[in-house]
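A structural walkthrough
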Amino acid sequence: MIASFLKDFEKLFSKINRGFIALLVLGMMIPVNVQAEISDPTHLDLMDNQVTRAVFQNDAITLNAGSFTPLTVLIVEALENNPEIQASLREREAAQQRISPAEALDDPMLEAGVVNAPLTSSPFNREDMTMKMIGLSQRFPFPGKRGLRKEVASKDAEASDYGYQETVNRVMRDLRVAYFELGLTLEMTKLVEKNKLILENFTHLAIDHYQVGMGTQADAFKAQTQVSRMQDELFRLERERPMVEAELTLALGRRTQAVVLIPESLQIREVSLNLESLQEVALAQRPQLLALQSLAARSKKTLDLAHKEYLPDFDVRLSYGQRDRMLDNTQRPDMVSLTVAINLPVWRASKIEPRIAESQAMHYQALDLYQAQSNELAAKLRQQVATAEQNLKSARLYQTTILPQARLTVESALVAYKVNQVDFLTLLDSQMTVFNYEISLVTAIASYNKALAEIDLLTGKAPYELTQP
């Protein structure tokens, strides 16, 4: 009888001890309001329902009640306000204004003076050749030089125009990448917060199971460790968000972030990616390559102009001489002079030939740069197409197969854990697997969208095309 009494007392003491330790764990890990919920005898059923809703809830946790900012609105803002775009626009305008002066004639020369004046008093009526003279002279380049100068300036302006388009496209790429990166950061924050809520509810389950002798104290600590890990992940995302927002603010041309930007939810807008077609489009319309083609044509015109330096220019001078009457009042007629002068391009070895060699070198440099950029473009295009296709496949696989299966695993593990058929570690691992897959899904979607932004830059897609539905 005594032995039976001691055995019953030992069981009672064990239950009291477990309850005390569970309360101690709750005091360390669970907020006061949660402790009040646990004291409710109906809490276990209520808590199970919360866990189920949190695990299988499809809607993400809302971080900010503000409205989303469409990407098209930011594209328009960047086009209007980005200082790099505006500076490139000014450069294009300046290059356009250099075309007309390039073919213009040099300013004419106006001269006035006295011709053949003797060093005596009253010089204008003593010598027959003394006169007052006024003249006008003009330099005319050898035929063909002015046209070549205009073509050189036109090709410069054309290259500047392509440079402006390339700047716009690059800023659009930077804007879109920062936009999707910020969207990824916010989506990851939502997923971490949702998973943190689920793990906190799992902690309640583990503690309640421990109180009734169905689990171990270590289960609660394992769950709380994962909760702390989620909190640390939230801290990391909170540190990264200002840096991503700074990139977005820079692309928009803002000095500071006036309002909080909330990107639209990450989505896959699937587009056809044929590598061969994309390469053809890139070679045909990438502004960077077109600018190099313009520079190559410009250097060719410069070379032709350098060869023209072997030919002289012409100076045409017309003057009028007014003569006074002689001392005997004899009338002297006025005189007109017309002269033509040419320069003599004799300094060929030291002046003309080096300029020809320079123009040849610049022409070949432009051709080599074009080939190098073409090769680099083809390589980058292959990389980005492969990246986009791989991320698209991964996202589709996560959406259609992996995540549904993983969520069913959590659902099954949760039901089995409630009846003590699986251990807590199995449930916890299943949930963390779902969380990791969800993170992988949004990362793949963001990477796909960023790869499309890179492809649009490589193929020279214009900003107005980005705003089309």
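It should be emphasised that the depicted structure is a prediction, and the values quoted were computed from it without experimental measurement.

**Some thoughts on the confidence of the model for the chain**
- Per-residue pLDDT for the chain averages 83, and the proportion of residues at 70 or more is 82%.
- Here residues 12–66 is modelled with pLDDT under 50, and outside its nearest four sequence neighbours on either side it reaches 73 contacts, counting other chains as well.

**Considering the packing of helix H9 (residues 275–285) against helix H10 (residues 287–308)**
- Closest axis-to-axis distance for the H9/H10 pair is 6 Å, and the angle between their directions is 45°. In this view, H9 runs oblique relative to H10, as classed from their interaxial angle. The residues of H10 that touch H9, namely those facing Ala282, Leu283, Ala284 and Gln285, are Pro287, Leu289 and Leu290.
- In terms of residue class, the contact of H9 with H10 is built from six nonpolar, one polar and no charged.

**With respect to the packing of aromatic side chains**
- Considering all chains together, one arrives at four aromatic pairs under this definition.
- Taking 5.9 Å as the distance between ring centres and 75° as the angle between the ring planes, the aromatic pair formed by Tyr179 and Phe180 counts as edge-to-face.
- Look at Tyr179 and you get buried, because its relative accessible area is 4%.
- In this structure Phe180 comes out as buried when scored by relative accessible area, which is 9%.
- A cation over a ring is seen here: Arg92 above Tyr164, with NZ or CZ 4.5 Å from the ring centre.

**Overview of the sheet that holds strand S2 (residues 131–140)**
- One open sheet accounts for four strands, arranged S1-S2-S3-S4; its pairing is antiparallel. Looking at which strands have only one partner, the edges of the open sheet turn out to be strand S1 (109–115) and strand S4 (335–342). On average, adjacent strands in this sheet sit at an angle of 20° to one another, irrespective of strand direction.
- As paired strands, S1 and S2 are joined by seven bridges and run antiparallel to one another. From the neighbouring strand, Val115 faces S2, where its bridge partner is Met131.

**Examining the pattern of salt bridges**
- Throughout the structure, instances matching the rule amount to 25 salt bridges.
- Here Glu84 ties to Arg170 by a salt bridge, and the two come within 2.4 Å at their closest N and O atoms. Taken as a pair, Glu84 in helix H5 (residues 83–97) and Arg170 in helix H7 (residues 145–211) lie far apart in primary sequence, 86 residues in all.
- When salt bridges with common partners are traced through the structure, they connect Arg173, Asp174 and Glu454 into a single cluster.

**A closer look at the packing of H9 against helix H12 (residues 424–459)**
- In contact at an axis separation of 7 Å, H9 and H12 are set at 50° when each is read in the N-to-C sense. Regarding the angle of H9 to H12, the classification is oblique. In this structure, H9 uses Leu278, Val281, Ala282 and Gln285 to contact H12, whose residues at the interface are Ile455, Leu458 and Thr459.
- Here the residues of the contact of H9 with H12 are counted per class, giving five nonpolar, two polar and no charged.

**Notes on helix H8 (residues 217–252)**
- With 36 residues, H8 should reach 52 Å at 1.5 Å per residue; the first-to-last C-alpha distance of 53 Å fits that figure.
- Once H8 finishes, Gly253 follows within two positions and takes phi at roughly 85°, a positive value.

**Remarks on the environment of Ile342**
- Positionally, Ile342 belongs in strand S4.
- Owing to a relative accessible area of 45%, Ile342 belongs among the partly exposed residues under this scheme.
- Sequence-wise, Ile342 and Phe314 are 28 residues apart; in three dimensions their C-alpha atoms are separated by 4.6 Å.
- Non-local contacts of Ile342, meaning those with residues more than four positions away in its chain, are made with Pro312, Asp313 and Phe314.

**Quick look at the nonpolar core**
- One finds Leu175, Phe202, Leu248, Phe424 and Ile455 to be the most contacted residues of the largest nonpolar core, which totals 74 residues.
- Residue assignment for this core shows that the elements contributing at least two residues are helix H4 (71–81), H5, H7, H8, H9, helix H11 (348–418) and H12.
- Looking at which element gives the most residues to this core, the answer is H7, with 20 residues.
- The next biggest cluster of nonpolar side chains, apart from the first, holds five residues, and it includes Ile99, Ala102, Ala153 and Ala157.

**Side note on a nonpolar patch on the surface**
- On the surface, a nonpolar cluster with roughly 730 Å² of combined accessible area is contributed by Leu110, Ile134, Leu136, Leu318, Tyr320, Val336 and Leu338.
- When residues of the nonpolar patch are traced back to their parent elements, those giving at least two are S2, strand S3 (314–322) and S4.
- With respect to the helices and strands, Tyr320 occurs in strand S3.

**A look at unusual backbone geometry**
- One non-glycine residue, Asn420, lies in positive phi territory at about 65°.
- Residue position: Asn420 is located in the loop between H11 and H12.
- What makes Asn420 partly exposed here is its relative accessible area of 41%.

**Some details on the pairing of S3**
- Sheet topology places S2 next to S3; nine bridges connect them, and they run antiparallel. By the bridge assignment for S3, Gln138 is matched with Val316.
- Examined bridge by bridge, S3 and S4 share eight bridges and lie antiparallel to one another. The residue bridging Tyr320 from the neighbouring strand is Val336, located in S4.

Thresholds applied
Residues numbered from 1 in each chain as written. Predicted model: local features only at pLDDT ≥ 70, side-chain atom pairs only at ≥ 80, totals over all residues. Heavy atoms only, no water. pLDDT = per-residue confidence, 0-100. Contact = heavy atoms within 4.5 Å. Axes fitted to C-alpha atoms, helices over the stretch in contact; angles between N-to-C directions. Helix = DSSP H or I, 4+ residues; strand = E, 2+ residues; numbered from the N terminus. Parallel < 35°, antiparallel > 145°, perpendicular 65-115°, else oblique. Nonpolar A, V, L, I, M, F, W, Y, C, P; charged D, E, K, R; others polar. Phe/Tyr/Trp six-rings, centres within 6.5 Å; stacked < 30°, edge-to-face > 60°. Buried < 20%, exposed > 50% of the residue type's maximum accessible area, 1.4 Å probe, protein only. Lys NZ or Arg CZ within 6 Å of the ring centre and 35° of its normal. Pairing = 2+ DSSP bridges. Salt bridge = Lys/Arg side-chain N within 4 Å of Asp/Glu carboxyl O. Expected span 1.5 Å × (residues − 1). Core = buried A, V, L, I, M, F, W, Y, C linked by side-chain atoms within 4.5 Å. Patch = residues over 30% accessible without salt bridge, like charges linked within 9 Å, V, L, I, M, F, W, Y side chains within 5 Å. Areas by Shrake-Rupley, 256 points an atom, 1.4 Å probe, with all protein chains shown as cover.

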